[in-house]
Amino acid sequence: MFGDGARCVAVVGAQWGDEGKGKIIDVLAEQATIVARYQGGANAGHTVHVGEEEFILHLIPSGVLYPDVRCLLGNGVVLDPWTFLEERDALIERGLDLEGRVGISSRAHLVLPYHKQLDAAQESTRGGKAIGTTGRGIGPAYRDKAARIGLRVGDLADLTRCVDVVRQGTAAANSILASLEADVRVRPEEVLESLREVAPEILRLKTDVGAEIRSDISGAGRVLLEGAQGALLDIDHGTYPYVTSSSTTAGGAASGVGIGPTMIDEVLGVVKAYTTRVGNGPLPTELQGDEADRLRDLGGEFGATTGRPRRPGWFDGTVVRYAAGVNGLTALAVTKLDVLDSFDRIRLAFDYELAGRHFDGFPDAARDLARVTPIYETLPGWLTSTAEARRFPDLPDHARRYLRRIEEVAQTPIRYVSVGSARDQTIFLDARNAATV
Ligand code: GDP
Ligand code: IMO
Ligand code: MG
């Protein structure tokens, strides 16, 4: 991507999250000067393998494993300061030098302990309609942001403001907790005390993320905007209400770091060669029984943040075509192709029917998405390992044919194919020909 002159690339999930964004961002970050998260919080779990080592990143951008990459958290992120410091310290303990390499927007909102308590209490009252959140306090933190009663990183320098906001926030939280008949209540003094402990460390990292990125791009910099979650979890474009509470799609990338949309040169959509979802909500190509277990086991499909089993399904072309539209994808990275190596037939959905008729576009209501019937085609498997492939022609014919079909149904060229979690298990395709070579 950067090789073709792009200065700023957004990398987004184009399914329901966990597409392998961490791995792809780590690979691309070798050429980057800055990697910046633009939304979401510690609900994300981005896994990166370097040699024998595995890193699971929740808040710190996936460029952190290269010593010269600056890692920024934009204004669109909701920052749990305690989780952040724990993650940072664990990385330092593993030998990473982070001094001067991590910056946090002064405008980023904080996830406070009562946001997590509210998240848990709300989920428990939803019963069968629970969203299946990660329990990281994300929804309540964004709600306070929108209600203009949130606390921002920059506010930590202003004790009077912290006291005011936390009093107001805890009062609002306690009234919701009471209405939900939850037996916990929050005490503003406790929240303020814990905030006092972390404030100096967080303030030390405070920066103007937008200004840093703009100045980097105007020099020789190369910036990656790191997506979290996926298009179908976007607050506007996802399967509402079974979504997260932020703008996960590329439109959110500009406002989430403080640059103009015209500065983003490319938008890379990461997709798995099949589909998974963790949490509740419709999933048209979902598999059940033995085939689901097999895909889950082969793909190691257990949540990086919560450890929950992910729900596997076949590749859904309608979903990715839709994600390509709402993100303006310029290319795809297809991950986990190797997971399909042992399947003798592979199904791919290219369209939907609803009530016996072809469905044009993508349903705007989760209840309709739950009722669609995917139209499948069956492709022959390749029944051989792809893990050693390093160039597109190294892949078996049937694997190439499958990838070409993904390009067609998604109406987007493939630029990267991943055949394992290691850095070198990545195939780079030519910009002009993509997978059609
Ligand atoms: P993210 O949230 O989008 O960064 O994805 P996760 O890290 O939550 O989940 C992706 C998982 O797949 C991680 O365990 C990765 O190490 C792993 N992974 C990524 N790419 C590949 C691949 O091409 N093949 C295999 N087998 N695993 C992969
Ligand atoms: P990464 O960045 C997969 C899902 C949750 C739940 C819904 C709302 O690793 O791809 P939330 O805690 O955000 O209020 O939960 O969104 N979810 C994710 N699913 N990958 C993620 O992040 C996710 N972040 C949130 O499971 O269904
Ligand atoms: Mg993940």
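Parameters and conventions
Residues numbered from 1 in each chain as written. Chains lettered and ligands numbered in written order. Predicted model: local features only at pLDDT ≥ 70, side-chain atom pairs only at ≥ 80, totals over all residues. Heavy atoms only, no water. Near = heavy atom within 4 Å. Polar contact = N/O pair within 3.5 Å; in protein donor to acceptor, adjacent residues only side chain to side chain. Areas by Shrake-Rupley, 256 points an atom, 1.4 Å probe, with all protein chains shown as cover. Helix = DSSP H or I, 4+ residues; strand = E, 2+ residues; numbered from the N terminus. Axes fitted to C-alpha atoms, helices over the stretch in contact; angles between N-to-C directions. Parallel < 35°, antiparallel > 145°, perpendicular 65-115°, else oblique. Left-handed = near helix turned anticlockwise from the far one by under 90°. Contact = heavy atoms within 4.5 Å. Donors = N, O, S within 2.8 Å, 3.2 Å for Na, K, Ca; no water. Buried < 20%, exposed > 50% of the residue type's maximum accessible area, 1.4 Å probe, protein only. Domains from an automatic or database assignment. Buried area = accessible area lost by both parts, 1.4 Å probe. Salt bridge = Lys/Arg side-chain N within 4 Å of Asp/Glu carboxyl O. 1 Å grid on protein atoms, 1.4 Å probe; cavity = no way out; pocket = protein on both sides within 12 Å on 5 of 7 lines; lining within 4 Å. Points joined across faces, edges and corners; volume = space filled by probe spheres on them. Nonpolar A, V, L, I, M, F, W, Y, C, P; charged D, E, K, R; others polar. Core = buried A, V, L, I, M, F, W, Y, C linked by side-chain atoms within 4.5 Å.

Q: Help me understand the site of ligand 1 in this model?
A: The full set close to ligand 1 counts 19 residues, and Lys 21, Gly 22, Thr 47, Asp 338 and Ser 418 are the nearest of them. One of the side-chain N or O atoms of Asp 18 is found 2.9 Å from an oxygen atom in ligand 1. One nitrogen or oxygen atom from the side chain of Arg 310 is found 3.0 Å from an oxygen atom belonging to ligand 1. The fraction of the free accessible surface of ligand 1 (590 Å²) that becomes covered by protein chains is 90%. Counting only elements with at least two residues in the shell around ligand 1, the list comes to α1 (21–29) and β3 (46–50).

Q: Could you clarify how one ought to interpret the packing of helix α3 (residues 113–126) against helix α5 (residues 159–179) in this entry?
A: For any two helices packed against each other, the geometry is given by the interaxial angle and the distance between the axes. Axis separation between α3 and α5 bottoms out at 10 Å; the angle between their running directions is 15°. One element, α3, and the other, α5, form an angle in the roughly parallel class. Along this stretch, α3 crosses α5, giving a crossing that reads as left-handed. Residues Tyr 114, Gln 117, Leu 118, Ala 121 and Gln 122 of α3 form the contact with α5, whose own contacting residues are Val 165, Val 166, Gly 169, Thr 170, Ala 173, Ile 176 and Leu 177.

Q: Honestly, the coordination of the magnesium ion (ligand 3) in this entry has me stumped. Any pointers?
A: Metal coordination angles in their ideal form are 109.5 degrees for the four-donor tetrahedron and 90 or 180 degrees for the six-donor octahedron. The protein atoms that coordinate the magnesium ion (ligand 3) are Asp 18 (OD) and Gly 45 (O), at distances spanning 2.0 to 2.2 Å. Note that Asp 18 is positioned in the loop between β1 (8–13) and α1 and Gly 45 in the loop between β2 (34–37) and β3, a separation of 27 residues in sequence. For Gly 45, a relative accessible area of 12% gives the class buried.

Q: Hey, could you run me through the domain arrangement of the protein in this one?
A: Often, the extent of an interface is quoted as the loss of accessible area upon association of its parts. According to the domain assignment, the protein contains domain 1 (8–94 + 208–428) and domain 2 (109–203). With centres defined by C-alpha atoms, the gap from domain 1 to domain 2 works out at 29 Å. Counting residues at the interface gives 29 residues for domain 1 and 24 residues for domain 2. Among the residues domain 1 hides against domain 2, the three largest losses belong to Val 78, Leu 79 and Trp 82. Together they make up 29% of the total. At the junction of domain 1 and domain 2, the tally comes to two salt bridges. Across the salt bridge formed by Arg 88 and Glu 201, the nearest N and O atoms sit 2.7 Å from each other. Seen at the junction of domain 1 and domain 2, the total is 10 residue pairs in polar contact (both at pLDDT 80 or more). Among the elements of the structure, β6 (78–79) and α2 (81–93) are those that each provide at least two residues to the side of domain 1 that touches domain 2. Looking at the side of domain 1 that touches domain 2, the element that brings in the most residues is α2, giving six residues.

Q: When you look at the layout of surface pockets in this model, what are you seeing that I'm missing?
A: Taking a probe equal in size to a water molecule and rolling it over the atoms shows the remaining empty space. What the largest pocket holds in volume is close to 750 Å³. If you trace the largest pocket, you find 39 residues lining it, with Ile 131, Thr 133, Val 243, Thr 244 and Ser 245 closest to the centre. Elements supplying a minimum of two residues to the lining of the largest pocket: α3 and α4 (138–146). Of all the elements, α4 adds the most residues to the lining of the largest pocket, at six residues. Per-class residue counts for the lining of the largest pocket are 15 nonpolar, 17 polar and seven charged. Looking at the second largest pocket, its volume works out to about 460 Å³. At the level of secondary structure, the elements contributing two or more residues to the lining of the second largest pocket comprise α1, β3, β4 (53–57) and α9 (289–299). For the lining of the second largest pocket, the residue count by class is six nonpolar, 12 polar and nine charged.

Q: Help me understand the nonpolar core in this model?
A: A general trend in soluble globular proteins is that nonpolar side chains are found buried together. Among the nonpolar cores identified, the biggest contains 68 residues, and Ile 213, Leu 225, Ile 264, Leu 337, Leu 340, Leu 395 and Tyr 402 are the most heavily contacted of them. Tallying contributions element by element places helix α12 (residues 397–410) first for this core, with six residues. In contact with Leu 340, other than residues within four places in its own chain, are Ala 273, Tyr 274, Leu 295, Ile 346, Trp 382 and Tyr 402. Residues Leu 28, Val 48, Leu 57 and Ala 182 belong to the second largest nonpolar core, which totals 62 residues.

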